[in-house]
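Chain residues, written in single-letter form:
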Amino acid sequence: MKIRTMKYFAAQGLRGIWRNRLMSFASIATISSCLMIVGIFYCVAVNIDYMLEILEETAGITVFYTKEKYNEKTIEDIKEKINKIDNVKEVKYISPEEALESEKAEWGEYASLLDGLEEDNPLPPSFELTLEDIRYQKDVISQLNEINGIEVRYFEEETKILISFNNIIRIISLVLILVLCFIGIMLMDNTIRLTVYIRKTEINIMKYIGATDWFIRWPFIIEGIIIGLIGAIIPLGIVWAFYNFITQLIYEKNTVLQNILAFRTTEEIFSVLTPVSLIIGVSIGIIGSSISIRRYLKV
Amino acid sequence: MKIRTMKYFAAQGLRGIWRNRLMSFASIATISSCLMIVGIFYCVAVNIDYMLEILEETAGITVFYTKEKYNEKTIEDIKEKINKIDNVKEVKYISPEEALESEKAEWGEYASLLDGLEEDNPLPPSFELTLEDIRYQKDVISQLNEINGIEVRYFEEETKILISFNNIIRIISLVLILVLCFIGIMLMDNTIRLTVYIRKTEINIMKYIGATDWFIRWPFIIEGIIIGLIGAIIPLGIVWAFYNFITQLIYEKNTVLQNILAFRTTEEIFSVLTPVSLIIGVSIGIIGSSISIRRYLKV
Amino acid sequence: MIELNNVTKTYDNGADALLNVSLKIEKGEFAFIIGSSGSGKSTLIKLLLKEVEPNHGDIIINNKNITKLKKSRIPYLRRGLGVVFQDFRLLPNKTVYENVAFAMQIVEASPKEIRRNVPMVLSMVGLSRKARAYPNQLSGGEQQRTALARAIVNNPPILLADEPTGNLDPKTAWEIMKVLKDINSRGTTVVIATHDKDIVNKMKKRVIELQEGILVRDLPKGGYSDED
Amino acid sequence: MIELNNVTKTYDNGADALLNVSLKIEKGEFAFIIGSSGSGKSTLIKLLLKEVEPNHGDIIINNKNITKLKKSRIPYLRRGLGVVFQDFRLLPNKTVYENVAFAMQIVEASPKEIRRNVPMVLSMVGLSRKARAYPNQLSGGEQQRTALARAIVNNPPILLADEPTGNLDPKTAWEIMKVLKDINSRGTTVVIATHDKDIVNKMKKRVIELQEGILVRDLPKGGYSDED
Ligand SMILES: Nc1ncnc2c1ncn2[C@@H]1O[C@H](COP(=O)(O)OP(=O)(O)OP(=O)(O)O)[C@@H](O)[C@H]1O
Ligand SMILES: Nc1ncnc2c1ncn2[C@@H]1O[C@H](COP(=O)(O)OP(=O)(O)OP(=O)(O)O)[C@@H](O)[C@H]1O
Ligand SMILES: [Mg+2]
Ligand SMILES: [Mg+2]
């Protein structure tokens, strides 16, 4: 292929977009819509995942002593043993006194009700564990059980529910994203098919006067690439603006929400979303143009 | 307009769908995709809302007595007074003994640690309230404070977080549905514009041989109605099948999930979704055909 | 019946198609419009149809100034004009039969009339055998005759034909001319834009000649101008 | 150069377009194909182009049996044939100039050649003034001449023209015929399907006549058959 032919293709691709404004607009709108959906879902899903991660991290295991009281040495020993277990992030010793304090704090203004207990504290000393990931709970517990002198109390049922809940949310997001991508591809395919259908006459004429398939295809592919790029940049811009706006709004205005909501930074989100969107957009553009054109090249 | 002309329009509408298979298919696919998205989101949103509702219902307020013990008469009096407050669903009296029992139950195998407390029970008698809706908590509390002899203890911070969380989920679902509807309408508009663009020649020719605007428009509108109907029924069927499948799967297989998940019945969902989808589908079809045709009627 | 007063049409791209053309065609007349390629014949027909608007001048059809016609009345103007377009303009998704029937459905003719008239005109133009074919399954001449059949099926008071024999062999062309003469003799005003020297010379009808948009000749019983 | 051996073409809907046609056109010949509307002239040209496939028989162009041509070779076959289509087939989104230039871009001609040749052929067909117009801004005859300009711009060894003067007035038609005669005298084989009796009679070239798909006449210096 000669260079001037390449230049010609590029020029034709650009011209094609302008001369077939309606179809170009339709294609860009479709790609934009799909990538907008993908973008929104990605933001939502990533942040839900992030919040769940934080939630999981804070879910702990409490290790109880039996009634006997150990001396400091033994406590340090046990602490070290626990620390050696895989996936344990932090261990904290809580003496019976501290346990009572925190109980009182929780009872708030009715703390006086617990006044009599200081002398004969019924609360046992305990260790509080934080895990790297709540999923390793089982492993950690079986190893804890091997350490002498401690009995493990943990919230098996609650943990199970938390894990299942997280999984459900993840599965729902994943299914939704897949469904949306599928719908998006179908819509895109439709639009491209329609635009190519509109140009059927044009393609046929080119064939009748001796143009090779590639000669016909190239300008369409270049058009596809440009349309794909534009169609990716628009939703990226919109999602970026919205994401910034919403996260800042929540951080600035709503103190209560801050406690339970945590957002990935705009940079983190878009370092993934930008290349993914651009690749998807351009791919849809290229694949769309070239596949759909095949039908009409069979003349 | 003569009846035979009407018949002619209907016949032409049907024929048009078949003869312009590609465009009809594209329109149906677009409407279906949009209504599919709406359907999925409706299901997800309604069920999340439902679960949150259940969650809110179970969130209660505990009313504490001060240390003095009342006799049965006073207890009944207070119970009645509380019951008269708006939005209170249920009141339950919990004696100190019952309170200790439930504490023990919670401590499980370590219940023996609490053994000494039965004689001088430090726990106060209490009332547990369930509200119609957690949002009324403030009102109820201010009224509770007016009742003599009780002091109110409630989880203000936790309640606030729960309410905010629910609101966020609701807002996210709403925003997503609106965005998707908007995108859907845009896509539909595109498809219709393209199909009408393809038929531009046809419309022009009709005009040149003396057809009135309405004569040209009617078959397109009927086509739009039929396409809208088909485009609504397909996603309804798919969503219906999936919804049944998923709810049954969860109820049958996964006991842990059952505890935290609650689903509206298929009937409840589809008694709303069916008419809404049909109306949206047909409206898109009609509005789409008639608006877009206007451009080409200006010959 | 048809009257043009100082009509000028310049297209948006600056092409002058008609310059100050005035002419009058009476009811029942049979007129040829001739002129070389690009001289404005089709533009004249398009003006009568209100497919394009004149820049200056008035066009009067049936004593109505159509330059001032309300948009909603345009279809009724067009129903009074049977037109054979130079590029045929057949509906691609309808068969020959349906294309012709469509012109009758527009005016809400009864199915009985349609079933009687359509086969009749198709046989007049010699297309009975092609009734069920779609336009893209027709030869050039067959498409042209379908367009003619559609133009005459409603017995319009005025028939405009742009190059109705351009794709026809001389024999078929003469058959078509006989049909048009017949229609004319039953009272229809017939205006034909044509290049066919033979036909113009032999028919001995009124000849209106355009040259680069200017009316240069208008003879009651003329012949084709450039005899060589 | 062009050879048909017992070629039969029946369209999918059962229309017989060509029946057992055999003919041979030598290099450098000038031949007219005539016949009434629907007799199969366009089908014959479409077969040479591989736009449609024959049901039986072989078609040989330049000693190559094109019925057995590989799909990827079809564009190169078509580049050897300059074609004026009966329905013009101009690219609607390109101007007259671009439509003609496109035929040169396909064969990767240099921009210099394009800038020299395109204006030249446009002036040959008398369209220099319309170079920047789009097809829908042209009169019927102007479109036809654009199609001819595109067909001849690459100096193809064979020129096929389907009704190249159907939308042209006699004077312009003769100018076009002179162009074709010129091209022929420079060695190009020219095959023209036409209805124009005058031209066929005066040119005194080979005449091949079809009647309902059957080759009924093939005279080296014939005239138009149905003299009436
Ligand atoms: N839509 C248009 N836009 C711009 N110019 C036009 C348009 N239609 C026609 N013209 C120009 O107006 C002039 C007259 O065109 P018209 O179609 O009336 O010619 P004609 O007499 O019908 O020619 P022919 O015999 O070749 O059909 C031509 O020069 C043509 O290029
Ligand atoms: N695509 C098609 N499908 C079915 N039948 C066709 C098709 N193309 C042409 N025909 C039929 O084949 C016959 C020959 O058509 P063709 O176009 O070759 O005629 P022609 O000699 O070019 O006529 P004209 O002078 O009117 O252009 C006609 O009866 C026509 O109806
Ligand atoms: Mg014209
Ligand atoms: Mg033909």
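Every value quoted in this text rests on a predicted model; they were computed, and no experiment measured them.

Participant: How would you summarise the coordination of the magnesium ion (ligand 3) if you had to cite specific residues and measurements?
Facilitator: Residues and elements named next belong to chain C. Those protein atoms acting as donors to the magnesium ion (ligand 3) are Ser42 (OG) and Gln86 (OE1), and they sit at 1.9 to 2.1 Å. Residue Ser42 is located in helix 1 (residues 41-48), and its partner Gln86 is located in the loop between strand 6 (81-84) and helix 3 (96-106); the two are separated by 44 residues in the primary sequence. Neither residue differs from the other here; Ser42 and Gln86 are each classed as buried.

Participant: Which residues make up the environment of D:Arg129, and what values go with them?
Facilitator: Residue and element names in this part refer to chain D. Mapped onto the elements, Arg129 comes out in the loop between helix 4 (111-124) and helix 5 (140-152). Look at Arg129 and you get exposed, because its relative accessible area is 74%. Along the sequence, Arg129 and Leu48 sit 81 residues apart, while their C-alpha atoms lie 33 Å from each other.

Participant: Can you lay out the sheet that holds strand 1 (residues 2-10) of chain C for me, pointing to particular residues and giving the numbers?
Facilitator: All names here are of chain C. Read from one edge of the open sheet, four strands run 2-1-4-5, paired in antiparallel fashion. The sheet terminates laterally at strand 2 (16-25) and strand 5 (64-65), the two strands that pair on one side only. Of the strand pairs in this sheet, strand 1 and strand 2 are connected by six bridges, and their pairing is antiparallel. Among the inter-strand pairings, Ile2 is bridged to a residue of strand 2, identified as Ile25.

Participant: Now, about the interface of chain C and chain B: what can you tell me, with residues and values included?
Facilitator: In this assembly, 24 residues from chain C lie in contact with 23 residues from chain B. Interface area, chain C with chain B, both sides summed: about 2,200 Å², of which 57% is carbon and sulfur. Ranking the residues of chain C by area buried against chain B places C:Arg78, C:Asn93 and C:Glu108 at the top, with a combined share of 27%. If you look at where chain C meets chain B, you find two salt bridges.

Participant: Please provide a residue-by-residue account of the sheet that holds strand 7 (residues 158-162) of chain D, values included.
Facilitator: All names here are of chain D. One open sheet holds the six strands; their spatial order is 6-7-8-3-9-10, and the pairing between them is mixed. Edge positions in the sheet fall to strand 6 (81-84) and strand 10 (214-219), since each has one partner strand and no second. Across the sheet, the mean angle from the axis of one strand to that of its neighbour is 15°, orientation sign disregarded. Against the sheet, helix 1 (residues 41-48) touches strand 3 (30-34), strand 6, strand 7, strand 8 (189-193) and strand 9 (206-211), its axis set at about 145° to strand 7. Set on the sheet, helix 5 makes contact with strand 6 and strand 7; between it and strand 6 the angle comes to about 180°.

Participant: Please provide a residue-by-residue account of unusual backbone geometry, values included.
Facilitator: All names here are of chain D. The phi angle at Asn63 is positive, at roughly 65°, despite the residue not being glycine. For Asn63, a relative accessible area of 76% translates into the label exposed. Not every positive phi belongs to a glycine, and Lys204 is a case in point at roughly 55°. Positionally, Lys204 belongs in the loop between helix 7 (197-203) and strand 9. According to the relative accessible area criterion, Lys204 is partly exposed, its value standing at 48%.

Participant: Let's hear about helix 5 (residues 140-152) of chain C: which residues, and what values?
Facilitator: The end-to-end C-alpha separation of helix 5 of chain C is 19 Å, in line with the 18 Å expected for 13 residues at 1.5 Å each. Burial analysis of helix 5 of chain C places 13 of its 13 residues in the buried class, which makes it a mostly covered element.

Participant: A description of the packing of helix 3 of chain C against helix 4 (residues 111-124) of chain C should follow, citing residues and the corresponding values.
Facilitator: All names here are of chain C. Viewed as axis vectors pointing N to C, helix 3 and helix 4 meet at an angle of 125°, and their least axial separation amounts to 10 Å. Here helix 3 lies oblique to helix 4, going by the angle between them. You can see that helix 3 and helix 4 cross each other, and the crossing is right-handed. On helix 4, the residues that touch Val96, Tyr97, Val100, Ala101, Met104 and Gln105 of helix 3 are Glu113, Ile114, Arg115, Asn117, Val118, Pro119, Val121 and Leu122. Of the residues that constitute the contact of helix 3 with helix 4, the class distribution is ten nonpolar, two polar and two charged.

Participant: Break down the site of ligand 2 for me, citing the residues and quoting the values.
Facilitator: Not every one of the 21 residues close to ligand 2 is listed here, only the nearest: C:Ser139, C:Gly141, C:Glu142, D:Ser42 and D:Thr43. The site occupied by ligand 2 is bordered by residues of chains C and D. Contacts to ligand 2 include C:Ser139, whose side-chain N or O atom sits 2.7 Å from an oxygen atom. Between ligand 2 and D:Gln86, the relevant distance is 2.9 Å, taken from an oxygen atom to a side-chain nitrogen or oxygen of the residue. Split by residue class, the shell around ligand 2 holds three nonpolar, 15 polar and three charged.

Participant: So, the pattern of salt bridges: which residues are in play, and what are the values?
Facilitator: Going through the model one piece at a time under the given rule, you end up with 23 salt bridges over all chains. With a shortest N-O distance of 4.0 Å, C:Glu3 and C:Lys24 are connected by a salt bridge. Of this pair, C:Glu3 sits in strand 1 while C:Lys24 is found in strand 2, placing the two residues 21 residues apart along the sequence. The exposure class assigned to C:Lys24 is partly exposed, which follows from its relative accessible area of 44%. Residues D:Arg206 and D:Glu29 are paired through a salt bridge, measuring 3.0 Å at the closest nitrogen-oxygen approach. Within this pair, whereas D:Arg206 is found in strand 9, its partner D:Glu29 is found in the loop between strand 2 (16-25) and strand 3, the two being separated by 177 residues in sequence.

Participant: Any chance you could break down the pairing of strand 1 of chain C for me, citing the residues and the numbers?
Facilitator: Residues and elements named next belong to chain C. Linking strand 1 to strand 2, which pair antiparallel, is a turn of five residues; within it Gly14 sits at a positive phi near 95°. Where strand 1 and strand 4 (residues 56-61) come together, five bridges link them in antiparallel fashion. Pairing of Leu4 across the sheet is with Ile59, part of strand 4.

Participant: Kindly report on the site of ligand 1, identifying the contributing residues and their values.
Facilitator: Around ligand 1 there are 22 residues in total, and C:Ser42, C:Thr43, D:Ser139, D:Gly141 and D:Glu142 lie nearest to it. Between an oxygen atom of ligand 1 and a main-chain N or O atom of C:Ser39, the distance comes to 3.3 Å. In the model, an oxygen atom of ligand 1 is placed 3.2 Å from a nitrogen or oxygen of the D:Gly140 main chain. If ligand 1 stood free it would expose 630 Å²; the protein chains cover 93% of that surface. Of all the secondary structure elements, the ones that give two or more residues to the shell around ligand 1 are helix 1 of chain C together with helix 5 of chain D.

Participant: So what's going on with helix 5 (residues 137-144) of chain A? Which residues, and what values?
Facilitator: Considered for burial, the residues of helix 5 of chain A that qualify are A:Gln137, A:Val140, A:Ile141 and A:Leu144. Down the axis of helix 5 of chain A, the buried set is contained in an arc of 100°. They therefore lie on one face.

Here is what the cut-offs are and how they apply
Residues numbered from 1 in each chain as written. Chains lettered and ligands numbered in written order. Predicted model: local features only at pLDDT ≥ 70, side-chain atom pairs only at ≥ 80, totals over all residues. Heavy atoms only, no water. Donors = N, O, S within 2.8 Å, 3.2 Å for Na, K, Ca; no water. Helix = DSSP H or I, 4+ residues; strand = E, 2+ residues; numbered from the N terminus. Buried < 20%, exposed > 50% of the residue type's maximum accessible area, 1.4 Å probe, protein only. Pairing = 2+ DSSP bridges. Contact = heavy atoms within 4.5 Å. Buried area = accessible area lost by both parts, 1.4 Å probe. Salt bridge = Lys/Arg side-chain N within 4 Å of Asp/Glu carboxyl O. Axes fitted to C-alpha atoms, helices over the stretch in contact; angles between N-to-C directions. Expected span 1.5 Å × (residues − 1). Parallel < 35°, antiparallel > 145°, perpendicular 65-115°, else oblique. Left-handed = near helix turned anticlockwise from the far one by under 90°. Nonpolar A, V, L, I, M, F, W, Y, C, P; charged D, E, K, R; others polar. Near = heavy atom within 4 Å. Polar contact = N/O pair within 3.5 Å; in protein donor to acceptor, adjacent residues only side chain to side chain. Areas by Shrake-Rupley, 256 points an atom, 1.4 Å probe, with all protein chains shown as cover. Arc of directions from axis to C-beta.

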